[in-house]
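Spelled out, the chains give:
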Amino acid sequence: MDSRRDKRPVTLLTGASGGIVGALALILARAGHRLVLSGLDQAGLEAVADEAAAAGAETVTLAGDLRDRDLAQGLVDLAISRFGRLDHLVTGAGASRPVPMVEMDDDEWDRLVDLNLSAVFRISKAGSRQMIAQGEGGAIVHISSIAHSNGGANLAYGSAKGGVATAWMLYEMQARG
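Let me begin by describing the structure that accompanies this report. Computed from a predicted structure; not experimentally measured. (Residues numbered from 1 in each chain as written. Predicted model: local features only at pLDDT ≥ 70, side-chain atom pairs only at ≥ 80, totals over all residues. Heavy atoms only, no water.)

Regarding helix α3 (residues 71-83)
Our working definition: Working definition: helices are DSSP H or I runs of at least four residues, strands are E runs of at least two. Numbering for both runs from the N terminus. Expected helix span is computed as 1.5 Å times (number of residues minus one). A simple rule labels every residue: compare its accessible area, found with a 1.4 Å probe on the protein chains alone, to the largest value its type can have, and call it buried under 20%, exposed over 50%, or partly exposed in between. Each direction from the helix axis to a C-beta atom contributes to the arc, which is the arc of those directions. The contact definition used throughout considers only heavy atoms, calling two residues in contact when any of these lie within 4.5 Å.
Across its 13 residues, α3 extends 18 Å between first and last C-alpha, which sits within 8% of the 18 Å expected from 1.5 Å per residue. Among the residues of α3, those classed as buried are L71, A72, L75, V76, L78, A79 and F83. Looking straight down α3, one finds that the buried residues subtend no more than 150° of arc, so they occupy a single side. In the core, the buried residues of α3 are packed alongside β1 (10-14), β2 (34-39), β3 (59-63) and α4 (106-134). Following α3 by one or two positions, G84 has its phi on the positive side, about 85°.

Pasting the structure below:
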C-alpha cells in the first residue's frame, strides 16, 4: 500500500528507546499506528521497533539527542518522507540525576532544562506546524512528572517538567483547530 494514501495514524514518539514511551509505542503499534521512534539509544530503539513490527506496525527510527536543535524538524521531516503525514506527537524524552541545587553547575542546569523543556518546545513547534499545514488536526501528548510539585531529582528537572505540565501550548493550538 502507498504509505502516503494509508490513513492509519502516524505517531512520533521521543524517548522511545524503552521505558514508558517504549511501552506506549507497543500499545500504539497494536492499535494500528505507524511509528516514528526517537531516542538516544539506537539498540533500544531497534528493539522497540522490532516488537512494534511484530505487532504489525510500520516503523522508522532515528537516534539522536533532542538538544540538537535540528533534530526536531528532522524527525518531522522523517515522518513526512516515510509516511506522508504526522498525526500525533508524544514528547517523552527526558533525563535527570539527583543533585542538590547548591552542587549543580550552570552547564548541568542548562543541559537539563534544554532537554526537559526547550526540546519539548522545539519538537512541539515542528510537529504543530506540520499538523496545521495538513489541515486535519492532530494531537500532542506531553509526558511530564510530578517532580514539578514535589522537588523530584533536582531543581532543574522539576522546574522544566513544571513548564511541560502547563497548558500553554494547548490554548494556543485550540485557537487553530
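Details of the side chain of T11
What counts, and what does not: Two N or O atoms form a polar contact when they lie within 3.5 Å of each other; inside protein one atom must be a possible hydrogen donor and the other a possible acceptor, and for residues adjacent in sequence the pair counts only when both atoms belong to side chains.
Tracing the backbone shows T11 in strand β1. The buried category is assigned to T11, whose relative accessible area is 1%. Within the structure, the side chain of T11 is placed 3.1 Å from the side chain of H88, a separation counted as a polar contact.

Thoughts on the packing of α3 against α4
Rule in force here: In this description, a line fitted to the C-alpha atoms serves as the axis of each element, helices being fitted only across the stretch in contact, and the angle between N-to-C directions of two axes falls anywhere from 0 to 180 degrees. Crossing handedness is defined as follows: a turn of the near helix away from the far one that is anticlockwise and smaller than a right angle gives a left-handed crossing, while the clockwise case is right-handed. In this classification, Asp, Glu, Lys and Arg are treated as charged, Ala, Val, Leu, Ile, Met, Phe, Trp, Tyr, Cys and Pro as nonpolar, and every other residue, Gly included, as polar.
Contact geometry for α3 and α4: axes closest at 8 Å, N-to-C directions at 35°. The two elements α3 and α4 cross, and the hand of that crossing is right-handed. Contacts between α3 and α4 pair A72, Q73, L75, V76 and I80 from the former with R122, I123, A126, G127, Q130 and Q134 from the latter. For the contact of α3 with α4, a count of residues per class yields six nonpolar, four polar and one charged.

A short note on the sheet that holds strand β5 (residues 139-142)
The test is simple: Only strands joined by at least two bridges in the DSSP assignment are considered to pair.
The sheet built from five strands is open, its strands ordered β3-β2-β1-β4-β5 with parallel pairing. Two strands close off the open sheet at either side, each with one partner strand: β3 and β5. Averaged over all adjacent pairs, the angle separating strand axes in this sheet is 10°, with direction ignored. Where β1 and strand β4 (residues 88-91) come together, four bridges link them in parallel fashion.

Observations concerning the nonpolar core
Filter applied, for reference: The nonpolar core is taken to be a set of buried Ala, Val, Leu, Ile, Met, Phe, Trp, Tyr and Cys residues, with the residues joined through side-chain atoms within 4.5 Å.
The biggest cluster of nonpolar side chains holds 20 residues, and the ones touching the most others in it are V10, L12, V36, L66, L75, L86 and I123. Every element with two or more residues in this core is listed here: β1, α3 and α4. In terms of residue count, the dominant contributor to this core is α3 (seven residues). In contact with L86, not counting residues within four places along its chain, are V10, L12, V76, A79, I80, G127, Q130, M131 and Q134. In this structure, L13, L45, A57 and V90 belong to the second largest nonpolar core, which totals 15 residues.

Function-wise, these values are silent; they only describe arrangement.
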